[in-house]
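Analysis of the macromolecular model
One-letter residues, chain by chain:
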Amino acid sequence: MAKFKYIGKYVDPNTDESSLKHKRDAESFFNSALRSGQAKGLAEGMAKGMAEGMAKGMAKGMSEGMTKGMAEGERKKALETARKMLSKGFEREDICDITGLSIEEIAKLK
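By convention here, each chain's residues receive numbers from 1 onward along its written sequence. For this predicted model, a pLDDT threshold of at least 70 governs which residues receive local features, and a threshold of 80 or more governs which side-chain atom pairs are given and counted, while totals over whole chains, interfaces and linings are taken from all residues. Calculated side-chain values reflect all of the structure's heavy atoms, with hydrogen atoms and water omitted.

A word on the overall build of the protein chain
For the protein chain, the count of helices and strands is 3 helices and 2 strands. Listing each helix as α and each strand as β along the protein chain from the N terminus yields β-β-α-α-α. Counting the 110 residues in the protein chain, one finds 12% classified as buried. We call two residues contacting when some pair of their heavy atoms lies within 4.5 Å. Taking the intrachain contacts of the protein chain between residues at least 6 apart in sequence as the baseline, contacts between residues at least 24 apart amount to 13%. Per-residue and other accessible areas were derived by the Shrake-Rupley procedure at a 1.4 Å probe size, with only the shown protein chains allowed to occlude residues. Surface summary for the protein chain: the accessible area is close to 9100 Å², and the carbon and sulfur share equals 60%. Strands are runs of DSSP state E lasting at least two residues, helices are runs of H or I lasting at least four, and both sets are numbered from the N terminus onward. Relative accessibility decides the category of a residue: with a 1.4 Å probe and only protein chains considered, values under 20% of the type maximum give buried, values over 50% give exposed, and everything between is partly exposed.

Structure below.
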């Protein structure tokens, strides 16, 4: 009698076709469910990862934006103060000490 090869295994050639079909159908159903579960898990994992990544990115962007905005505001205020001090006749060295600007930056204001 001939042997039937069934997914890498040899089966008893006396096994009837309906039993083999039942085994193949059950294995096919199991593999399909497994692939479906893997796809669902992958999709859920990707969605969660993207949401977490977006949240972290937004938080980092907001933090960096706030830091940059604050630094720009402080610089503008220092320049404004230096202009006022120059108009009142303060010495450049004193303006440097008070505002934190360099001599070169103050010289550009005149």
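From this point, the discussion proceeds with the structure in view.
Observations concerning the side chain of T99
You can see T99 is positioned in helix α2 (residues 92-99). In protein, a polar contact means a hydrogen-donor-capable atom and an acceptor-capable atom, both N or O and within 3.5 Å, with residues adjacent in sequence counting only if both atoms are side-chain atoms; elsewhere, any N or O pair within 3.5 Å suffices. Among the polar contacts listed, one links the side chain of T99 to the backbone oxygen of I95, at a separation of 2.7 Å. A distance of 3.2 Å separates a polar atom in the side chain of T99 from the backbone nitrogen of L101. In this structure T99 touches A78, T81, A82 and M85, once residues within four positions along its chain are discounted.

A short note on the nonpolar core
Judged by nonpolar contacts, A78, L79, A82, M85, L86, I95, C96, L101 and I106 together constitute the single largest core of 9 residues. Going through the elements one at a time, α1 (17-87) and α2 are the ones with two or more residues in this core. Sequence-distant contacts of I106, that is, excluding residues within four places in its chain, are made with L86, R92, I95, C96 and L101. To define a nonpolar core, start from buried Ala, Val, Leu, Ile, Met, Phe, Trp, Tyr and Cys residues and group those joined through side-chain atoms within 4.5 Å.

Brief notes about α2
For α2, every residue scored as buried is listed here: I95, C96 and T99. Along the axis of α2, the buried residues cluster in a sector spanning 105°; they form a single face. When the buried face of α2 is taken as reference, the exposed residues oriented beyond 90 degrees from it are D97 and I98. With its phi angle positive at about 85°, G100 sits one or two positions after the end of α2. The arc in question is the one spanned by the directions pointing from the helix axis to the C-beta atoms.

A word on the pattern of salt bridges
When charged atoms on two side chains of opposite charge get close, those side chains can pair. A side-chain nitrogen of Lys or Arg and a carboxyl oxygen of Asp or Glu constitute a salt bridge if their distance falls within 4 Å. The final tally for this structure, using the stated rule, is 4 salt bridges. The partner of E105 in a salt bridge is R75, with the nearest N and O atoms 2.7 Å apart. Separated by 30 residues along the polypeptide, E105 in helix α3 (residues 103-109) and R75 in helix α1 bring together distant segments of the chain. Its relative accessible area of 39% is what places R75 among the partly exposed residues.

Side note on a negative patch on the surface
Patches here are clusters of residues that have more than 30% relative accessible area and form no salt bridge, with a 9 Å joining cutoff for like charges and a 5 Å cutoff for nonpolar side chains (Val, Leu, Ile, Met, Phe, Trp, Tyr). His is not counted here, nor are the chain ends, while Lys and Arg score as positive and Asp and Glu score as negative. A charge is said to be at NZ when it belongs to Lys, at CZ for Arg, at CG for Asp and at CD for Glu. Taken together, the side chains of E91, E93, D94 and D97 present a region of like negative charge at the surface. As for its placement among the helices and strands, D97 is situated in helix α2.

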